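# Architecture at a glance
So the chains spell out like this:
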Amino acid sequence: MGGVTSSVAAKFAFFPPSPPSYKVVTEEVTGLLLLAPYPHRENVEIHKLQTRRGTEIMAMYVRHPMATSTLLYSHGNATDLGQMYELFIELSIHLKVNLMGYDYSGYGQSTGKPSEQNTYADIEAVYKSLEETYGSKQEDIILYGQSVGSGPTLHLASQFPLLRAVVLHSPILSGLRVMYSVKKTYWFDIYKNIDKIPYVDCPVLIIHGTSDEVVDCCHGKQLWELCKDKYEPLWVEGGNHCDLEQYPEYMSHLKKFITTVERLPCRSGIMGDDDGPPRRKSVDRREKPRQSTERKPLPAMSRWKKSSSSSKLRNHHHLDRSRRSLDCHDKTRKSIGHSNQLERGRKSVDRVGSE
């Protein structure tokens, strides 16, 4: 019964673009991998990565000459690397960070089928590549998860206590909670973020639109309440699920956050690192239904100041009706100065495919 329910939930959660927006080609002279038809850039490297579950995923690394941090970006639903290509480059430029984006198993030109466990293996493979290929350290990595991408992001963040920071963009409490108002976390639920967020030790920024019609803003607000190390959140007034990048406060607030966390003292001295960076066991392997952290006392406030709106967060309503699935209906969204082709390709970073 639980396996069937989990399978049904997965069908609601994953909508890889069909056909993919790009093809992988090999440059004859250099042997470098390229994403066609998108232009080759000297600071962009394309990789094929093997995961522990046997799939081969595509990843894209954008290098910035002045970067001190690396953003590991887990994109939303119904999109792939081709549709995110220009946005990734712009984020790297404006935020002055290296950026590693990737396609989940079954998305774009990645092999396999999309599933919760595959996305966990996917992000672990990307993190390993950052360490082994680029020499990235845990304390220099900022995890960024958008919508469905908040699942693999918090999976990793709950296990690595020395990460520089985490950004959650239109995140979900859990897969089941997007569709139904439930008070317990069931073992067959997917992306149980509500139970993982208390295990994240680094600063967390949450960005959510107040008019989100796919994942209600209360998801972001409740996750913010459960954070150990809260940073001033960004509740984008009038923002929907797929258009937050259009608002000027999105980039300015994100840039301010990254600048702030980069100035903080290195956290590696907090725990002994004689045997390498510490890593916790996954907190996602319980099997019986249990009370979720939804009813546990909130953690103490961190060193971050509350925003002027934080006093209202405790009064937000719980989900009182069935929600739609993680995907959003086909809506046009503007890019940040992209070509019309890319604007049409990236109608949504997180939308529903037609049945």
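A brief report on the enclosed structure follows. (Residues numbered from 1 in each chain as written. Predicted model: local features only at pLDDT ≥ 70, side-chain atom pairs only at ≥ 80, totals over all residues. Heavy atoms only, no water.)

### A few points about the overall build of the protein
- Per the secondary structure count, the protein includes nine helices and 12 strands.
- Scored against the burial criterion, the 355 residues of the protein give a buried share of 57%.
- In the protein, once contacts between residues fewer than 6 apart in sequence are set aside, the share between residues at least 24 apart is 74%.
- Just so you have it, the protein exposes about 15400 Å², and 50% of that area is on carbon and sulfur atoms. (Helix = DSSP H or I, 4+ residues; strand = E, 2+ residues; numbered from the N terminus. Buried < 20%, exposed > 50% of the residue type's maximum accessible area, 1.4 Å probe, protein only. Contact = heavy atoms within 4.5 Å. Areas by Shrake-Rupley, 256 points an atom, 1.4 Å probe, with all protein chains shown as cover.)

### Concerning the packing of aromatic side chains
- Tallied over the entire structure, the rule returns 12 aromatic pairs.
- Arranged with centres 5.4 Å apart and planes meeting at 90°, the rings of Y104 and Y107 form a pair that is edge-to-face. The burial state of Y104 is the same as that of Y107; both residues are buried.
- Each ring, one from Y186 and one from F188, has its centre 5.5 Å from the other, and the planes form 15°; the classification is stacked. (Phe/Tyr/Trp six-rings, centres within 6.5 Å; stacked < 30°, edge-to-face > 60°.)

### A short note on the sheet that holds strand β8 (residues 165-169)
- Spatial strand order, β3-β4-β6-β5-β7-β8-β10-β11: eight strands in an open sheet with mixed pairing. Every other strand in the sheet has two partners, leaving β3 (44-50) and β11 (234-236) as the edge strands with one partner each. Direction aside, neighbouring strands of the sheet carry axes that sit 15° apart on average.
- Across four bridges, strand β5 (residues 70-74) lies against strand β6 (residues 98-102) in parallel orientation. Of the residues in β6, the one forming a bridge with T70 is N98.
- Across the sheet, helix α3 (residues 116-134) is in contact with β3, β4 (56-62), β5, β6 and β7 (141-146); its angle to β6 comes to roughly 145°.
- Contacts from helix α7 (residues 217-226) reach β10 (204-209) and β11 within the one sheet, and its direction differs from that of β10 by about 165°. (Pairing = 2+ DSSP bridges. Axes fitted to C-alpha atoms, helices over the stretch in contact; angles between N-to-C directions.)

### With respect to the pattern of salt bridges
- This structure, assessed with the given rule, holds six salt bridges.
- A salt bridge links D189 to R177, with the nearest nitrogen and oxygen atoms 3.8 Å apart. With D189 in the loop between β9 (184-185) and α6 (193-196) and R177 in helix α5 (residues 175-179), the pair connects residues that are 12 residues apart, well separated along the chain.
- Judged by relative accessible area, R177 falls into the buried class, the value being 1%. (Salt bridge = Lys/Arg side-chain N within 4 Å of Asp/Glu carboxyl O.)

### Quick notes on unusual backbone geometry
- Following S18, the chain continues to P19 via a peptide bond in cis, the omega torsion being 0°.
- The omega angle of the peptide bond from A36 to P37 is 10°, so this bond is cis rather than trans.
- Mapped onto the fold, P37 is located in the loop between β2 (33-36) and β3.
- Positive phi values are uncommon outside glycine, yet A78 reaches one of about 55°.
- Within the secondary structure layout, A78 lies in the loop between β5 and α2 (81-95).
- The phi angle at Y191 is positive, at roughly 50°, despite the residue not being glycine.
- When you line up the elements, Y191 lands in the loop between β9 and α6.
- Of the residues examined, Y191 reaches a relative accessible area of 0% and is grouped as buried.

Keep in mind that these numbers describe shape and distance, not what the molecule does.
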